[in-house]
Amino acid sequence: MTLAVLLPFVMAAVCGLLAGTLGRRSGYLAALGFVPALLLAVPLAGNSVEVGSTPQTQLTNWVPELGLNFVFRGDGFSLLFAVLIGVIGALASLYSVAYLSERERFGRFYPYLLLFGGSMLGLVLSDNLVALFAFWEMTSVTSFLLIGLWHTRSEARDGAIKAFLVSALGGLGLLAAVALLSVAGGSTNLSELDLAAVRASPMFVPALLLTLLAAFTKSAQLPFHLWLPTAMEAPTPVSAFLHSATMVKAGVVLVAKFGLIFGGSALWGGIIVPLGLATMFWGSWRALKQTDLKALLAFSTVSQLGLLMALYGLADPEGRFAATTHLLNHAAFKAALFFVVGIIDHETGTRETFRLSGLRRKLPLTFVVALLATLSMAGLPPLGGFISKELFYEAMLHAGPGFIAVAVIGSALTLAYCARLIRIFFGGFEVPLDDGGQPLKPAIHEAGPGLLLPPALLAGAALLFGVWPASAEWLARRAGAALAFAEYDGHLLLWHGVTPALLLTVLTWGLAALLVWQAARVYFFQVHLESPLSSNRGYRALLGGLDTFSSRLIAGTQGLALPDQLRITLAAAGLMGGYAVWRAPQVFQPFEALPLSTLPIAVLLVAGALGVLLSRNRLTAVVLTGLTGFGSAVAFLSMRAPDLALTQLLIEAVTVILFLLVFRYLPGFRSLPRGRVRQVIDVGLAGAAGIGTTLLILASIRFLSPPISPYYLENAYKAGGGKNVVNVILVDFRGFDTLGEIMVVAMVALAVGSLVRLGRRGEARSERDTAPATQDLLDLQKRRP
């Protein structure tokens, strides 16, 4: 398990180094990165399905004193999900070799893909809550990079930012939930939580709500679904990987695993099941309206995630068994369909349904694959989707009449949009044309084996799960002990006899036939029912409001000009110094107590400061500013603090270099109006700041409370194992502080790097240079025949 998580990160570095030489063949190396995850099928096959069996655990110590370790737990559900990630990840890597153009930046694409895959594997296998949160956040960052891979397109940037912001909101919720559970349960390991203590704790409900916030944002439940359709701006292999078995299922995994903690609460199912069904209905309704095939699949994914959430939210053996079975089917048919849409886009130059017809004549093999996967998604026999839909109906029948009614309507909408999807293969073939009436592709022919094989394997799995249900049941049963449905006695069968679920299926087919028959009226109704309120409009209004508020706050508190901001800074320095003197009256050191070696340094610093004040050109000011900085470094060195001296030296060197680099871009001098009163105030502020800072430094000689430095000296070696006390303080005692500083430096480095790259000309890389935004299709729909 450790190797399965680690190798994708290693191969990401290898692909990054060799991509320039290997080009698209880096995809084969990327596929190798998922081999250990595929090999987890061996322990999965041998995994005991008996209740009470102890799964294998692998521990790698990190900071055991704080409960921070890499603990990977191989229970049946985690292994099953890890193998799914391995399968889809390997197929997406191989598919991309044939799909991506030679101009693609392989040195970014494959490392990002592998980093995301490794993060997902760590998330599903991790038993340590802190590590689980860390991997959760890594999926947010890496998915941001993948969705925004074609960052020269505004739609890609918008999709990446939206996905990251929504995921970050859920990440904050998960962080708080993990902290509460660890405190209430007495352990940072999920399997070692004291469940009785957690359920009796006052932190139980807050932890439950925060966990749901994290799960709903990641798995695109209402109203957090807005990020998923715009995430389709990513390349198709990424869409297949993220939206079939990985990122969007992270929230489902959370609900499945944490349901064992919270499932006994009525609040858990009372929130998840209705919201999941509402999401299922809304996703299906929106999918029926789309004319872009990827947008259709995106809203379809929203709908299917709602179905999975509703089933796991029931928190009973029947619901968990049905959800795990559908999870397998969904991974198979959804990834296959994304690959198929990629083939259609690749071969015809468009994904718009109104431009496509009769494709079975030109793409016969693609048609067979698409038909199998679509029928499975529609829940038609003899595909796997039919069997899991029957289980879904059985579970909702037991939940109540309102729930089954929504389930039937949502399933009928699913069947209707599946009919729209598959319709592009029927009718007479017409060459797809652009808006100017010119063919989008000079010739249309069947895709090669590199593009066809991955979806064919997945469509074959969807068929296998239907005609041989025991295969799907065998896989789903591997998760039985982990998710507490091992004793559930239901079985997967293609024919159950005439049951209420089958009758509801017939009703679903009838409703779907009505929707297909009245497709034009339904479409007209959808267009005119468009609500002025939507999650996207709310998202943009929120961002705009925050931007306006922050701008006004800055203008109101700091002023619009640099002098105003300096005045506030100087006033703050004066106040802090005054507060220090008030709390700790000073005992000034006699001058003879000061070492003579500090005198030239002090002269250097004062001379530099006065020089800046008196300088009449920028070059002189920059040089003299550097003089004060280098003087500070010498002062640190004289005080036997070489680490601080080195840091100061580096900062001053970088600052002076940056100043000189941007020198010619700086605007010219301009005189700001300043009356005599303002001059007096400025002089007073400057003097107060200087005096205040001096007093603040002198105040530090007398501590406001007992100093902590003796503690560091006594415990540096015992607790940190290091003889250099400064190093131990930085790395151990103040480890998180140092980590935060490193993050700040890294962010600054990224910002500087981005600024440096601004001078380069961008190059759009698109599957379709004329592709419209996924959610902005109304104009195209109006042109639809």
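To be clear, the structure that these remarks concern was listed above.
Residues numbered from 1 in each chain as written. Predicted model: local features only at pLDDT ≥ 70, side-chain atom pairs only at ≥ 80, totals over all residues. Heavy atoms only, no water.

A. Examining the overall build of the chain more closely. Within the chain, the regular secondary structure consists of 33 helices and 2 strands. Referenced to the eigenvectors of the C-alpha coordinate spread, the extents of the chain come out at roughly 100 × 65 × 50 Å. Looking at the 785 residues of the chain, the share that counts as buried comes to 48%. When contacts within the chain are restricted to residue pairs at least 6 apart in sequence, long-range pairs at least 24 apart make up 78% of them. As displayed, the chain has an accessible area near 36900 Å², and 70% of this comes from carbon and sulfur atoms. Averaging the coordinates of the 55 positive side-chain charges in the chain and doing the same for the 43 negative ones gives two points 8 Å apart. (Helix = DSSP H or I, 4+ residues; strand = E, 2+ residues; numbered from the N terminus. Buried < 20%, exposed > 50% of the residue type's maximum accessible area, 1.4 Å probe, protein only. Contact = heavy atoms within 4.5 Å. Areas by Shrake-Rupley, 256 points an atom, 1.4 Å probe, with all protein chains shown as cover. Lys, Arg positive; Asp, Glu negative; His and termini not counted. Charge placed at Lys NZ, Arg CZ, Asp CG, Glu CD.)

B. Examining the pairing of strand β2 (residues 68-74) more closely. Among the 7 residues of β2, 5 are classified as buried, and the element is accordingly described as predominantly covered. Pairing geometry for strand β1 (residues 56-63) and β2, over 7 bridges, is antiparallel. When the bridges of β2 are listed, N61 appears paired with N69. (Pairing = 2+ DSSP bridges.)

C. Just the side chain of E347, in detail. Structurally, E347 is set in helix α16 (residues 317-348). One buried charged side chain, E347, makes no salt bridge at all; its nearest oppositely charged neighbour is K441, positioned 6.4 Å away. There is a polar contact of 3.1 Å between the side chain of E347 and the side chain of H346. (Salt bridge = Lys/Arg side-chain N within 4 Å of Asp/Glu carboxyl O. Polar contact = N/O pair within 3.5 Å; in protein donor to acceptor, adjacent residues only side chain to side chain.)

D. Region of interest: the pattern of salt bridges. Here the structure, examined in full by the defined rule, presents 10 salt bridges. With a shortest N-O distance of 3.2 Å, R351 and D292 are connected by a salt bridge. Of this pair, R351 sits in the loop between α16 and α17 (364-378) while D292 sits in the loop between α14 (266-287) and α15 (293-313), and the two are 59 residues apart along the sequence. For the pair formed by R351 and D292, the shared burial category is buried. The closest approach of N and O atoms between R567 and D682, which form a salt bridge, is 2.7 Å. With R567 in helix α25 (residues 562-583) and D682 in helix α29 (residues 676-699), this pair connects stretches of sequence that are 115 residues apart. A relative accessible area of 16% means that R567 is categorised as buried. Counted as one network, the salt bridges with shared partners bring together D158, K162 and R540.

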